[in-house]
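Survey of secondary and tertiary structure
Here's the letter readout for the chains.
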Amino acid sequence: MSQYTVCQKLMQLIEDIKHQNFKNLDMMHHLSSGFKSVHTQDITESLYVCRQSIGGAGFSAWSGIPAIIELFSPTVTYEGDNTVMAQQSANFLLKHARQAMDNQVYKTIKTDSVPPVHAPVTKQTFKKLDGPFEYFYEIKELLGKKCPIIKT
Ligand SMILES: Cc1cc2nc3c(=O)[nH]c(=O)nc-3n(C[C@H](O)[C@H](O)[C@H](O)COP(=O)(O)OP(=O)(O)OC[C@H]3O[C@@H](n4cnc5c(N)ncnc54)[C@H](O)[C@@H]3O)c2cc1C
């Protein structure tokens with residue numbers, strides 16, 4: 001999914017929220033927390049690869065690389081630690097995978113005396129995802145498949 005597509009979705013979400021429509025908020029949180037985590041981690045690790053690839057010069061201020069690393073390295077922590085962001089992004093996938101498997105949505109029932117429990121709600125409220133998430137609706141078949149090991 002391109003940055004352009006995510007920006008478009010964000011602009012649409014901002015418009016939706018102005019009309020009290022929060023339907024796609026969880027999707028945007030999934031995308032933005034996931035992309036933040038993956039890309040900042042990837043770039044940080046790549047900067048160390050760049051530094052190593054030029055030997056000792058990569059440690060010299062003349063190369064400019066130490067300054068870039070110093071500037072960029074906190075991105076894995078600020079605006080949300082990457083481990084936490086990745087977990088939040090994954091939570092969305094797990095939630096929808098579970099819904100797809102059960103073909104039901106779950107809601108948390110809070111009572112005074114017992115801890116929250118998950119209870120099935122009606123099938124009509126099941127929110128189906130499309131696009132890159134369509135594989136969820138074949139998840140039972142996919143999980144049942146075995147990867148054959150071919151001897152060479
Ligand atoms: C350079 C810099 C500038 C900043 N500027 C600002 C600013 O202008 N305004 C502002 O408000 N804040 C700012 N911050 C704070 C920043 O947003 C927080 O540091 C960041 O959100 C991480 O939160 P935390 O420090 O509480 O760490 P935590 O989230 O507590 O993380 C600490 C460690 O615990 C781990 N961890 C936490 N939860 C889990 C979990 N559930 N499972 C596994 N591991 C977990 C993390 O992976 C991490 O290793 C800045 C931080 C930095 C480094």
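Predicted, not measured: the structure shown is a model, and the values here were computed from it. (Residues numbered from 1 in each chain as written. Predicted model: local features only at pLDDT ≥ 70, side-chain atom pairs only at ≥ 80, totals over all residues.)

1. Brief notes about the overall build of the protein
To be explicit about the condition: The numbering of helices and of strands both runs from the N terminus, where a helix is a DSSP run of H or I of at least 4 residues and a strand a run of E of at least 2. Exposed residues have 12 or fewer other C-beta atoms within 10 Å of their own C-beta, buried residues have 20 or more, and residues in between are partly exposed; the C-beta atoms are placed from the backbone. Each residue gets a C-beta atom placed from its backbone, and two residues are in contact if those atoms lie within 7 Å.
A count of helices and strands for the protein gives 5 helices and 2 strands. In the protein, which comprises 152 residues, the share counted as buried stands at 5%. Counting only contacts in the protein whose residues sit at least 6 apart along the sequence, the fraction spanning at least 24 positions is 47%.

2. Here we look at the environment of Ala86
Here Ala86 lies in helix 4 (residues 82-102). Separated by 51 residues in the primary sequence, Ala86 and Phe35 place their C-alpha atoms 8.6 Å from one another. Once residues within four sequence positions are removed from consideration, Ala86 is found in contact with Gly34 and Ser37.

3. Concerning the environment of Leu93
Counting through the fold element by element, Leu93 comes out in helix 4. When the C-alpha positions of Leu93 and His30 are compared, they lie 8.1 Å apart, and in sequence the two are 63 residues distant.

4. Brief notes about helix 2 (residues 25-53)
Formally: Given a helix with a known number of residues, its expected span is that number minus one, times 1.5 Å.
For helix 2, built from 29 residues, the straight-helix expectation of 42 Å at 1.5 Å per residue is met to within 8% by its first-to-last C-alpha distance of 41 Å. Considered for burial, the residues of helix 2 that qualify are His30, Ser33, Ser37 and Thr40. The secondary structure elements touched by the buried residues of helix 2 are helix 4. One or two steps after helix 2, the chain reaches Gly55, where phi turns positive at roughly 65°.

5. Remarks on unusual backbone geometry
Most peptide bonds adopt trans geometry, and most residues besides glycine take a negative phi value. One non-glycine residue, Gln20, lies in the positive phi region at around 60°. Note that Gln20 resides in the loop between helix 1 (3-18) and helix 2. For Gln20, a count of 6 C-beta atoms within 10 Å translates into the label exposed. A positive phi angle is found at Glu79, which is not glycine, with a value near 65°. Secondary-structure assignment places Glu79 in the loop between helix 3 (65-72) and helix 4.

Function cannot be read off these values alone, since they describe shape.
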